[in-house]
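Topology and contacts: notes
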Amino acid sequence: MHVYFWFSLWVVMVNLATSLNRAGEFIRSKKLLEQATTSFRRFLPPNHRSLVTALNMYSWCCLDSGDTDRALKLSEEVLNMATSALPADHPQLAMALMDHAEVNRRAGGSLDVSIPLCKQAVQILKMHLPALATSLAVGLHNLGHYYYMKASYAEALVSLEESVKIKRSLGVSTEDSFAQTVVKLGDAHMKCGNVAMAVMQYKECVDIWKSKQPYFDDMICEIDVAIGHCATLMGNFEEAVKYYTEARELLMQTQGHFDEVYGMLYFK
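Let us look at the structure shown here. (Residues numbered from 1 in each chain as written. Predicted model: local features only at pLDDT ≥ 70, side-chain atom pairs only at ≥ 80, totals over all residues. Heavy atoms only, no water.)

A separate point is the layout of surface pockets. Reported here for the largest pocket is a volume of approximately 430 Å³. Taken together, 14 residues make up the lining of the largest pocket; nearest its centre are Arg49, Val52, Thr53, Val78 and Gln92. Broken down by secondary-structure element, the contributors of at least two residues to the lining of the largest pocket are helix H3 (49–64), helix H4 (68–85) and helix H5 (91–106). Taken together, the residues of the lining of the largest pocket sort by class into eight nonpolar, four polar and two charged. (1 Å grid on protein atoms, 1.4 Å probe; cavity = no way out; pocket = protein on both sides within 12 Å on 5 of 7 lines; lining within 4 Å. Points joined across faces, edges and corners; volume = space filled by probe spheres on them. Helix = DSSP H or I, 4+ residues; strand = E, 2+ residues; numbered from the N terminus. Nonpolar A, V, L, I, M, F, W, Y, C, P; charged D, E, K, R; others polar.)

In C-alpha cells form, the structure reads like this:
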C-alpha cells in the first residue's frame, strides 16, 4: 500500500508538471519532473511506461525552457528504451522516433538526423492504418517541414500533399493544424515555381482562419501578403491590390502601427 501510494502520487505529479509546462511554468514543471524521474528510476524497471512517460515530458519541458542539451539527452534515452524494449514495427517506437526527430530539430540539431528518424516513424505508422492515421498525418507534416528547411522542396511537396490528403479524409479540414499543413504546402509549391498552386493553398488557409477571427488575424495578414506577392508574379494586379489592402487593414486594426509591423513580414 505504501509503495502504491507513492507511485500514484508521482504519476499525479507528472500530470501536474505537464499542465504547468503547457501553462509556461517551466521551472516548477522541471522541478517536479526531475523529482518524479529520480523516484521512478529507483523503484521501477528501466523500461516501465511511467518512467518513459516522465522522461519524455521532462525532455519537452527542458526544450521549452531552453535547456536543449538536457532535452536531447533525455529524448535520446527515451528512444533507446523504446528501441531495446519494443518490436521494430511497434507504434510507440514510431512516436519515440518522431519525438526525438522534433526535439533534435528544435534544439538546433542536424536535419540529416531528424529526417531519417521521421521517415522510419512514418514507415511504421503506415503499417497501422487506419487506426494511426492521425499520427501518420502529423509525421508526414513534420517530414515535409524538415525537407522544406533543408531546401529539398520536391520531397517536401510529396510528404505535405500526403499529410493534407489524410487530414481531409479524417474530417479535420477546418482545424488550425490542417491549415498549418496547407500553408506549408503552399510555401513548398512557391519554392518549386508552382505559383498558381501556392495561391490555391494560401486561399484555403485564409478561409479557415477567417472562420476563427480574430484569433488568427496575424496569420491571415501574412498569408494575404503572400497571396498578393503571388498575384503580382502572375500579373493579376487587381487581386494583388485586394490582398495587400486586406493585410494593411488587418494590421491597422490589430496592431495599430502598420509601418512598424510591415517590416516584419517576409516571404518564405
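Looking now at helix H6 (residues 111–125). For H6, which comprises 15 residues, the first-to-last C-alpha distance of 21 Å matches the rise-based estimate of 21 Å (1.5 Å per residue) to within 8%. Turning to H6, its buried residues number three or more, namely Leu111, Ser114, Ile115, Leu117, Cys118, Ala121, Val122, Ile124 and Leu125. At the N-terminal end of H6, a side-chain oxygen is found 3.0 Å from the backbone nitrogen of Asp112, two or three residues along, and the residue is Ser110. (Expected span 1.5 Å × (residues − 1). Buried < 20%, exposed > 50% of the residue type's maximum accessible area, 1.4 Å probe, protein only. Polar contact = N/O pair within 3.5 Å; in protein donor to acceptor, adjacent residues only side chain to side chain.)

Moving on, we get to helix H9 (residues 176–191). For H9, built from 16 residues, the straight-helix expectation of 22 Å at 1.5 Å per residue is met to within 8% by its first-to-last C-alpha distance of 23 Å. Of all 16 residues that make up H9, 12 are buried, and the element is covered over most of its length. Residues of H9 that are buried include every one of Phe178, Ala179, Thr181, Val182, Val183, Lys184, Leu185, Gly186, Asp187, Ala188, His189 and Met190, and no others. Turning to H9, the residues buried within the fold contact helix H7 (133–149), helix H8 (153–169), helix H10 (195–210) and helix H11 (217–233). Just downstream of H9, Gly193 is the residue with a positive phi angle, here 85°. (Contact = heavy atoms within 4.5 Å.)

All right, on to the packing of aromatic side chains then. Inspection of every chain in the model, using the stated rule, returns two aromatic pairs. Measuring from centroid to centroid gives 6.1 Å for Trp209 and Phe216, while their planes differ by 10°, and the two rings are stacked. It is Lys184 that lies over the ring of Tyr148; its NZ or CZ is 4.3 Å from the centre. (Phe/Tyr/Trp six-rings, centres within 6.5 Å; stacked < 30°, edge-to-face > 60°. Lys NZ or Arg CZ within 6 Å of the ring centre and 35° of its normal.)

With that settled, consider unusual backbone geometry. The omega torsion across Leu129 and Pro130 is 5°, close enough to zero to call that bond cis. Its place among the elements puts Pro130 in the loop between H6 and H7. Notably, Ala151 is not glycine yet its phi reads approximately 70°, a positive angle. Along the polypeptide, Ala151 turns up in the loop between H7 and H8.

This part takes up the packing of H9 against H11. Interaxial distance between H9 and H11 falls to 12 Å at its minimum, and their mutual angle equals 25°. What the angle tells us is that H9 and H11 run roughly parallel. As for the relative orientation of H9 and H11, their crossing is left-handed in sense. Packed against H9, whose contacting residues are Asp176, Gln180, Val183 and Met190, the element H11 presents Met219, Ile223, His229, Cys230 and Leu233 at the interface. (Axes fitted to C-alpha atoms, helices over the stretch in contact; angles between N-to-C directions. Parallel < 35°, antiparallel > 145°, perpendicular 65-115°, else oblique. Left-handed = near helix turned anticlockwise from the far one by under 90°.)

Attention shifts here to the packing of H7 against H8. For the pair H7 and H8, the least separation of the axes is 8 Å and the interaxial angle reads 160°. Comparing the axis directions of H7 and H8 gives the class roughly antiparallel. In this structure, the crossing between H7 and H8 has a hand that is left-handed. The segment H7 lies against H8, with Ala133, Leu136, Ala137, Leu140, His141, Leu143, Gly144, His145, Tyr147 and Tyr148 engaging Tyr153, Glu155, Ala156, Ser159, Leu160, Glu162, Ser163, Ile166 and Lys167.

Function cannot be read off these values alone, since they describe shape.
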